[in-house]
Amino acid sequence: HKLSKAGFLARGRGDPVFDGLVGAAGNSLRENPTGWSTRHLVNTAYSLAKMKYVGDAYGGFAAASSPRLEEFNAQDISNLAWAFATAGCSDPAILEVVSELPGYAVPKLQTFTSQGLANTVWALATLGAADRH
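Conventions we followed
Residues numbered from 1 in each chain as written. Predicted model: local features only at pLDDT ≥ 70, side-chain atom pairs only at ≥ 80, totals over all residues. Heavy atoms only, no water. Helix = DSSP H or I, 4+ residues; strand = E, 2+ residues; numbered from the N terminus. Buried < 20%, exposed > 50% of the residue type's maximum accessible area, 1.4 Å probe, protein only. Contact = heavy atoms within 4.5 Å. Phe/Tyr/Trp six-rings, centres within 6.5 Å; stacked < 30°, edge-to-face > 60°.

Draft legend 1. Region of interest: the overall build of the protein. On a plain count of helices and strands, the protein comes out with eight helices and zero strands. For the protein, buried positions account for 41% of its 133 residues. Contacts in the protein between residues at least 24 apart in sequence constitute 75% of all its contacts with a sequence separation of at least 6.

As structure tokens, then:
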């Protein structure tokens, strides 16, 4: 998260430091997905998207998030949807998780900020979530 706040942009695969960080995060998710708080899951996916990372790490975040979507607050839902849309995710497993987000967002609508709601709607439309269900 601090890398994205500092303005670091992913220079693509091949940067050994960046690839090492993403690889370590992916390994941690596979080994202990429940060891990540929902905030850490979302912030890491959001940060990767903000740094313009293109790669397969998003699938791990979707897989780890899916069974825990009920725990997500409005900002988590908004930021996860934004991350997947910004990254241009098209993996069917990721899109399935995205298609579940509206069901978890509706009961929390009153807790969304106007920006969060706008970002969520944009992300869901960009990823075609409305077309899936």
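Draft legend 2. Summary view of unusual backbone geometry. With a phi close to 65°, K52 is a non-glycine residue in the positive phi region. Locating K52 in the fold gives a position in the loop between helix 3 (38–50) and helix 4 (57–65).

Draft legend 3. Representation of the packing of aromatic side chains. Scanning the model with the defined rule gives four aromatic pairs in all. Relative to F61, the ring of W36 has its centre 5.9 Å away and its plane inclined at 75°; by these criteria the two rings are edge-to-face. Residue W36 is located in the loop between helix 2 (16–31) and helix 3, and its partner F61 is located in helix 4; the two are separated by 25 residues in the primary sequence. What makes W36 buried here is its relative accessible area of 12%. For F61, a relative accessible area of 2% corresponds to the buried category. With 5.8 Å between their ring centres and 50° between their planes, Y53 and Y58 make a pair best called tilted. Across the pair, Y58 and Y53 agree in class, each one buried. Among the aromatic residues, ring-to-ring pairing joins Y53, Y58 and F84 into one connected group.

Keep in mind these values describe shape, not function.
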